[in-house]
Amino acid sequence: MAEQSEPVVEFQNVNSRFGNQWALHDVSFGLRAGETRIILGAAGSGKTTLLKAAIGLVQPDSGTISLFGEKVTNRKERDLFALRTKAGVLFQEGGLFDSLTVRENVEYPLVNQQTAERLPSDEVERRVREALRFVELEQTLDQFPSELSGGMRRRVGIARAIVTEPPLVLYDSPTAGLDPITANTIMALIAKERDVRRTASLIVTHRFQDGELMANFRYNPENEELVPVEELEHADPAKARTKFFVMQDGEIVFTGTLEQLEETTDPYVKRFGKH
Amino acid sequence: MLAFLKTPVASFQEFLFLAGKAFSNVFRRPHYYDDVSLQMDIIGVGSLPIVILTGLFSGAIIALQMSRALNAYGAASQVGSIVSLTLVRELGPVLTALLVAGRNASGMASELGSMKVTEQIDAMRALGTDPIQKLVAPRLIATAVMLPCLTVISDVLGLVGAYLVSVPLLRLITSSEYWSSSWRALVYNDLAQGLIKPLLFGMIIALVGCFYGIRTTGGTQGVGHATTQAVVVASIWIFFATFVIDKIFVNL
């Protein structure tokens, strides 16, 4: 059972300061396989730092963080590379390598990772195409990121994050700066990835609707579309697997389900709920 | 009182850390051979035209200037040996290194700097690759291999340039006198000096270029700043290193 499994990511009393401002203040939580955390909060409240700390891109001042049961904190950078290959990351603006084509970007983790076994080139090609087909961008293989629209770049970023089929994916503001229609497409892809491969996801966003979609919809592989949880024959007990965090000045000031977020009376937390 | 020294000492320490990591990565797997050959092409083949031109003209200019001075002492026949000594020992390595520093240290700093400010270096780390291994080590290997090659080419063309001035143009000496005197002037010590220098300069250029690139902060302006600093600092280090090597070889 997923519920009893070891946490994929675990934060214990993590503190981190930038100057005299808290980036992370006594942050503790665990994320298990198949679970999703939506992290909401004002700009500068520590959301991105939390994501970066999870894979050791920034080291906190105190506390411990573990990834797949291995400690990330106080480890040498060199030892972290292998661990990071188990986590896919979508950066805020996609984080694509602008001097590489879409194909080279997506195959980058496959051919460059330190621990990667040398995959035969036809296998690399197959997996790159599969990842791009997943985000419906197979036709852009030989284009450069600068030739794509913002939403397409974000989708290529997702393809690159999932090409190694990692059990954990971190999304940093996947819908920031996108129009509502494109934003929905991106979130639908993230929900699809979660449901098709049962990945654990940490999603930083400032849009309540993103979290709402993750909590209320499931991907139905039969007709390849998202359906509201209520319409599913077996009501998914996993609704509770999507939880919301609200961060303020580095602290997680709210943890709960979608319903709890909607019913909250805290004036700060309320601002991130449905209006 | 010594607070003003804190920043330069700290950044020198950072530089040494980077250099140490880069050198240890040269011998560590995985090796990114494709990146090494790409960098060799950019640095070596890409610098060929300018190195050829500079080599030819520097030799020609030394010959022109020296011919007057040597004529005054009736020693015009020595032009070949003077040109070959100055070129092989000093001017070939230093001029080539300065050109490559201007071309490639700036290129590396701006490329890595842009990657840094657009979070591509973080993306690289997040994707499980070591940016030092993937970006710095290939540039270090490529520059350290290509700069000696470029220097040899520059030296040879400098001798050709000086030949064109002193034999067909000024008719100071005959062709065979020129070539035999310039060849006989060189001893192993000169050749060793002429090859150790570019090897060391190559490392300086790559490490300084990458160092300023990787620590870039502050957007596009930061990239510009990193580029300028990389060229200035690499040039200063080249002069300093050549002085130290000269001092060692003079005493040998």
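The shown structure was predicted, so the numbers you read here are calculated from the model rather than taken from an experiment. (Residues numbered from 1 in each chain as written. Chains lettered and ligands numbered in written order. Predicted model: local features only at pLDDT ≥ 70, side-chain atom pairs only at ≥ 80, totals over all residues. Heavy atoms only, no water.)

Notes on the overall build of chain B
The helix and strand tally for chain B stands at eight helices and zero strands. Ordered by position from the N terminus, the helices and strands of chain B form the series α-α-α-α-α-α-α-α. For chain B, the C-alpha atoms occupy an extent of roughly 65 × 50 × 35 Å along the three principal directions. Sorting the 252 residues of chain B into buried and exposed places 49% on the buried side. If you take every contact in chain B between residues at least 6 apart in sequence, the share linking residues at least 24 apart comes to 85%. Working note: accessible area of chain B is about 12,200 Å², and carbon and sulfur atoms make up 71% of it. Of note, chain B has its 16 positive side-chain charges centred 5 Å away from the centre of its 13 negative side-chain charges. (Helix = DSSP H or I, 4+ residues; strand = E, 2+ residues; numbered from the N terminus. Buried < 20%, exposed > 50% of the residue type's maximum accessible area, 1.4 Å probe, protein only. Contact = heavy atoms within 4.5 Å. Areas by Shrake-Rupley, 256 points an atom, 1.4 Å probe, with all protein chains shown as cover. Lys, Arg positive; Asp, Glu negative; His and termini not counted. Charge placed at Lys NZ, Arg CZ, Asp CG, Glu CD.)

Describing the sheet that holds strand E3 (residues 36-41) of chain A
Residues and elements named next belong to chain A. The mixed open sheet is built from six strands, whose spatial order is E6-E7-E8-E3-E11-E12. What marks the edges here is a single partner per strand, and that holds for strand E6 (87-90) and strand E12 (251-256). This sheet shows a mean twist of 15 degrees between the axes of neighbouring strands, independent of strand direction. Taken together, the six bridges between E3 and strand E11 (residues 242-248) define a ladder with parallel strand orientation. Bridged to Gly 41 within E11 is Met 247. (Pairing = 2+ DSSP bridges. Axes fitted to C-alpha atoms, helices over the stretch in contact; angles between N-to-C directions.)

Some words on the sheet that holds strand E2 (residues 21-31) of chain A
All names here are of chain A. The four strands lie next to each other as E2-E1-E4-E5, forming an open sheet whose pairing is antiparallel. The outermost strands of the open sheet, each flanked by one partner alone, are E2 and strand E5 (70-71). Both strand E1 (residues 9-18) and E2 contribute to a ladder of seven bridges, which runs antiparallel. Bridging from a neighbouring strand, Glu 10 pairs with Gly 30 of E2.

Focus: the layout of surface pockets
Think of a ball as big as a water molecule: rolled over the atoms, this probe shows where empty space is left. Volume-wise, the largest pocket comes out at about 790 Å³. Of all the secondary-structure elements, those providing two or more residues to the lining of the largest pocket are helix H3 (102-112) and helix H4 (121-134) of chain A together with helix H2 (33-72), helix H3 (79-117), helix H4 (120-126) and helix H5 (131-169) of chain B. A breakdown of the residues in the lining of the largest pocket according to their chemical character gives 14 nonpolar, six polar and nine charged. Approximately 640 Å³ is the volume attributed to the second largest pocket. Around the second largest pocket, the lining comprises 21 residues; the ones closest to its centre are Glu 77 of chain A together with Leu 18, Lys 21, Ile 132 and Ile 214 of chain B. Within the residue set of the lining of the second largest pocket, elements represented by two or more residues are helix H2 (77-84) of chain A together with helix H1 (6-26), H4, H5 and helix H7 (188-214) of chain B. Looking at side-chain class alone, the lining of the second largest pocket contains eight nonpolar, two polar and eleven charged residues. (1 Å grid on protein atoms, 1.4 Å probe; cavity = no way out; pocket = protein on both sides within 12 Å on 5 of 7 lines; lining within 4 Å. Points joined across faces, edges and corners; volume = space filled by probe spheres on them. Nonpolar A, V, L, I, M, F, W, Y, C, P; charged D, E, K, R; others polar.)

Here's the deal with the confidence of the model for chain A
Residues at a pLDDT of 70 or more form 93% of chain A, whose mean pLDDT is 85. For chain A, per-element mean pLDDT is lowest for strand E10 (residues 225-228) of chain A, which scores 80, and highest for strand E7 (residues 168-172) of chain A, which scores 92. (pLDDT = per-residue confidence, 0-100.)

Digging into the interface of chain B and chain A
Contacts between the two partners involve 19 residues from chain B and, on the opposite side, 23 residues from chain A. Together chain B and chain A conceal approximately 1,900 Å² of surface at their shared face, both sides included; 50% is due to carbon and sulfur atoms. If you look at where chain B meets chain A, you find four salt bridges. Glu 77 of chain A serves as the salt-bridge partner of Arg 125 of chain B, at 2.7 Å between the closest nitrogen and oxygen. For the interface between chain B and chain A, the tally reads ten residue pairs in polar contact (both at pLDDT 80 or more). Elements with a minimum of two residues in the side of chain B that touches chain A: H4 and H5 of chain B. Among the elements that take part in the side of chain B that touches chain A, H4 of chain B stands out by supplying six residues, more than any other. Split by residue class, the side of chain B that touches chain A holds eight nonpolar, five polar and six charged. (Buried area = accessible area lost by both parts, 1.4 Å probe. Salt bridge = Lys/Arg side-chain N within 4 Å of Asp/Glu carboxyl O. Polar contact = N/O pair within 3.5 Å; in protein donor to acceptor, adjacent residues only side chain to side chain.)

Regarding the packing of aromatic side chains
This structure, assessed with the given rule, holds twelve aromatic pairs over all chains. On the basis of an interplanar angle of 70 degrees and a centroid distance of 5.0 Å, the ring pair of Phe 29 of chain A and Phe 245 of chain A is categorised as edge-to-face. A residue pair is termed long-range when its members are at least 10 positions apart, and Phe 29 of chain A in strand E2 and Phe 245 of chain A in strand E11 qualify at 216 residues. With respect to class, Phe 29 of chain A is no different from Phe 245 of chain A; both count as buried. Consider the rings of Phe 12 of chain B and Phe 15 of chain B, whose centres lie 6.4 Å apart with planes at 20 degrees: the pair is stacked. (Phe/Tyr/Trp six-rings, centres within 6.5 Å; stacked < 30°, edge-to-face > 60°.)

Looking at the pattern of salt bridges
Within the structure shown, the criterion is met by 24 salt bridges over all chains. Ionic pairing is found between Asp 210 of chain A and Arg 207 of chain A, a salt bridge with its closest N-O pair at 2.8 Å. By relative accessible area, which is 15% here, Arg 207 of chain A ends up buried. Where salt bridges share partners, they join Lys 52, Glu 77 and Arg 84 of chain A together with Glu 119, Asp 122 and Arg 125 of chain B into one cluster.

Description of the side chain of Thr 199 of chain A
Mapped onto the elements of the fold, Thr 199 of chain A is located in the loop between helix H6 (180-197) and strand E8 (200-204). Sequence-distant contacts of Thr 199 of chain A, defined by excluding residues within four places in its chain, comprise Gly 34, Glu 35, Pro 166, Pro 167, Val 169, Glu 193 and Arg 194 of chain A.

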